[in-house]
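Coordinate inspection notes
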Amino acid sequence: MPPYPTAPTVRATREGLLWEPSERWVRGRKGDLTVVDSRHPVLVWEPGVPVPLYAFPRAEVRADLLRPARNPATGTHTGSQVFYDLEAGGETVENAAWTFPAADLADHIAFEWFRRVGRGLDHWYEEEEEIFVHPRDPHKRVDAIPSSRHVVVEIDGTVVADTRRPVLLFETGLPTRYYVPREDVRLDLLEPTGHSTGCPYKGTAAYWSCRGERDVPPNIVWSYPEPLPAVGGIKGLLAFYNEEVDITVDGERLERPVTHFGSRPV
């Protein structure tokens, strides 16, 4: 699949933006205050950015909470020139919103997501389900499928996991991830780190690092204790970054993929 959507409903602007109307009801909040309540959002893909953002008709945004930015982040977001600070609950969030420099989207306002960049609106909902980090891409698929493949995971030559009952997670644009039951993992070789991340497709993940001196980065093992219903089969299972460990499936050693998750040359 191409890195950006090519469906007939996707439109392109002269600035290189791609956008597509969405039929989802989307709300964005700052704390308990609803700033966006839209039944006519559009998804926008910026050049070089693999995940979309939402932009909303101005009439479906609390524009009364927006002020022209004191220190506009001019040039970011595909050369946008118009930025807004958000004043809500006695707090000012700089450059929380902006308009894209495209005639097609001139009457739409986009917002930063706190869980993605550390500022902006901190709670987002599609219909009645809260979503995290960024909107879900309608052209991306995530499938969690139980398997009987024999999966062995090694870190620096030490077998850390060995299972014949993995759940394989296939996510568009990413390597297959192999989720392993805890009973089949050498938990004595791992230690929890307190690190966590959010994913709009899977939920909130907890992480582990290897104990002792090993030539691997931290946080290379993760698990979703309460995954979203669509991938409920991975609940509590552990996965390893293929980019940093050696995985053998049915006797075949897999090549380490090169992705933005890797921290060293492969």
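Attention here is on the structure that accompanies the text.

According to the stated counting rule, one finds seven aromatic pairs in the structure shown. Taking 5.8 Å as the distance between ring centres and 40 degrees as the angle between the ring planes, the aromatic pair formed by Tyr54 and Phe56 counts as tilted. Using a relative accessible area of 0% as the deciding quantity, one classes Phe56 as buried. Summarising the aromatic geometry, the rings of Trp222 and Tyr241 are spaced 4.5 Å apart at their centres and angled 45 degrees between planes, so their arrangement reads as tilted. One end of the pair, Trp222, is in strand 20 (residues 221-223); the other, Tyr241, is in the loop between strand 21 (238-240) and strand 22 (246-249), with 19 residues separating them in the sequence. Over the aromatic face of Trp25 sits the side chain of Arg39, whose NZ or CZ is 4.3 Å from the ring centroid.

A word on the nonpolar core. If you look at soluble globular proteins, the nonpolar side chains tend to sit buried side by side. Membership of the largest hydrophobic core comes to 36 residues, with the highest contact counts inside it found for Ile155, Tyr179, Val185, Leu190, Ile220, Trp222 and Phe240. Per-element tally for this core: the top contributor is strand 19 (residues 203-210), with four residues. Counting 24 residues, the second-largest nonpolar core is a separate cluster that includes Val10, Trp45, Leu66 and Ala97.

The subject of this paragraph is the pattern of salt bridges. Scanning the model with the defined rule gives 23 salt bridges in all. A salt bridge links Glu126 to Arg136, with the nearest nitrogen and oxygen atoms 3.2 Å apart. You can see Glu126 sitting in strand 11 (residues 123-126) and its partner Arg136 sitting in the loop between strand 12 (129-131) and strand 13 (142-146), a full ten residues away along the chain. An identical accessibility class is assigned to Glu126 and Arg136; each is buried. Note that Asp246 and Arg253 form a salt bridge whose closest N and O atoms lie 3.9 Å from each other. Through salt bridges with shared partners, a single network forms among Arg24, Glu126, Glu129 and Arg136.

Looking now at the layout of surface pockets. Looking at the second largest pocket, its volume works out to about 210 Å³. Arg136, Lys140, Val142, Tyr201 and Ala230 are, among the 14 residues lining the second largest pocket, the residues nearest its centre.

Another aspect to go through is the sheet that holds strand 4 (residues 33-38). Pairing is antiparallel across the open sheet formed by four strands, whose spatial order is 4-3-11-12. Here the strands that pair on one side only, and so sit at the sheet edges, are strand 4 and strand 12. When the angles between neighbouring strand axes are averaged without regard to direction, this sheet yields 25 degrees. Sheet analysis places strand 3 (residues 26-30) next to strand 4, joined by five bridges and oriented antiparallel. From the neighbouring strand, Arg29 faces strand 4, where its bridge partner is Thr34.

With that out of the way, let us pick up unusual backbone geometry. Although it is not a glycine, Glu127 sits at a positive phi angle of roughly 55 degrees. Overall, the relative accessible area of 38% leaves Glu127 in the partly exposed class. Unlike most non-glycine residues, Asp250 shows phi in positive territory, near 50 degrees. Secondary-structure assignment places Asp250 in the loop between strand 22 and strand 23 (252-253). Looking at Asp250, the relative accessible area reads 52%, which means it is exposed.

In a beta sheet, neighbouring strands pair by backbone hydrogen bonds and run either parallel or antiparallel. Taking strand neighbours across the sheet as the criterion, the three strands line up as 13-16-17 in an open arrangement whose pairing is antiparallel. Whereas interior strands pair on both sides, the edge strands pair on one side only; in this sheet they are strand 13 and strand 17 (177-179). Averaged over all pairs of adjacent strands, the angle between strand axes in this sheet comes to 25 degrees, irrespective of strand direction. Note that strand 13 and strand 16 (residues 167-171) share five bridges and pair antiparallel. Looking at the pairing, Ala144 lines up with Leu169 of strand 16.

A separate point is the environment of Glu126. Glu126 sits in the buried class, given a relative accessible area of 4%. Through-space distance from the C-alpha of Glu126 to that of Ser38 is 9.9 Å; in sequence the pair is 88 residues apart. Setting aside chain neighbours within four positions, we find Glu126 in contact with Arg24, Trp25, Val26, Tyr54, Ile131, Pro135 and Arg136. A polar side-chain atom of Glu126 sits 2.7 Å from a polar atom in the side chain of Arg24.

Our focus in this paragraph is the side chain of Asn95. Structurally, Asn95 can be placed in strand 9 (residues 91-99). Look at Asn95 and you get buried, because its relative accessible area is 7%. Of note is the side chain of Asn95, whose polar atom sits 3.2 Å from the backbone nitrogen of Ala73. Those residues within four positions of Asn95 in sequence are excluded, and the remaining contacts are Ala69, Asn71, Pro72, Ala73, Phe83, Tyr84, Asp85, Glu112 and Arg119.

Quick notes on the rules
Residues numbered from 1 in each chain as written. Predicted model: local features only at pLDDT ≥ 70, side-chain atom pairs only at ≥ 80, totals over all residues. Heavy atoms only, no water. Phe/Tyr/Trp six-rings, centres within 6.5 Å; stacked < 30°, edge-to-face > 60°. Buried < 20%, exposed > 50% of the residue type's maximum accessible area, 1.4 Å probe, protein only. Helix = DSSP H or I, 4+ residues; strand = E, 2+ residues; numbered from the N terminus. Lys NZ or Arg CZ within 6 Å of the ring centre and 35° of its normal. Core = buried A, V, L, I, M, F, W, Y, C linked by side-chain atoms within 4.5 Å. Salt bridge = Lys/Arg side-chain N within 4 Å of Asp/Glu carboxyl O. 1 Å grid on protein atoms, 1.4 Å probe; cavity = no way out; pocket = protein on both sides within 12 Å on 5 of 7 lines; lining within 4 Å. Points joined across faces, edges and corners; volume = space filled by probe spheres on them. Pairing = 2+ DSSP bridges. Axes fitted to C-alpha atoms, helices over the stretch in contact; angles between N-to-C directions. Contact = heavy atoms within 4.5 Å. Polar contact = N/O pair within 3.5 Å; in protein donor to acceptor, adjacent residues only side chain to side chain.

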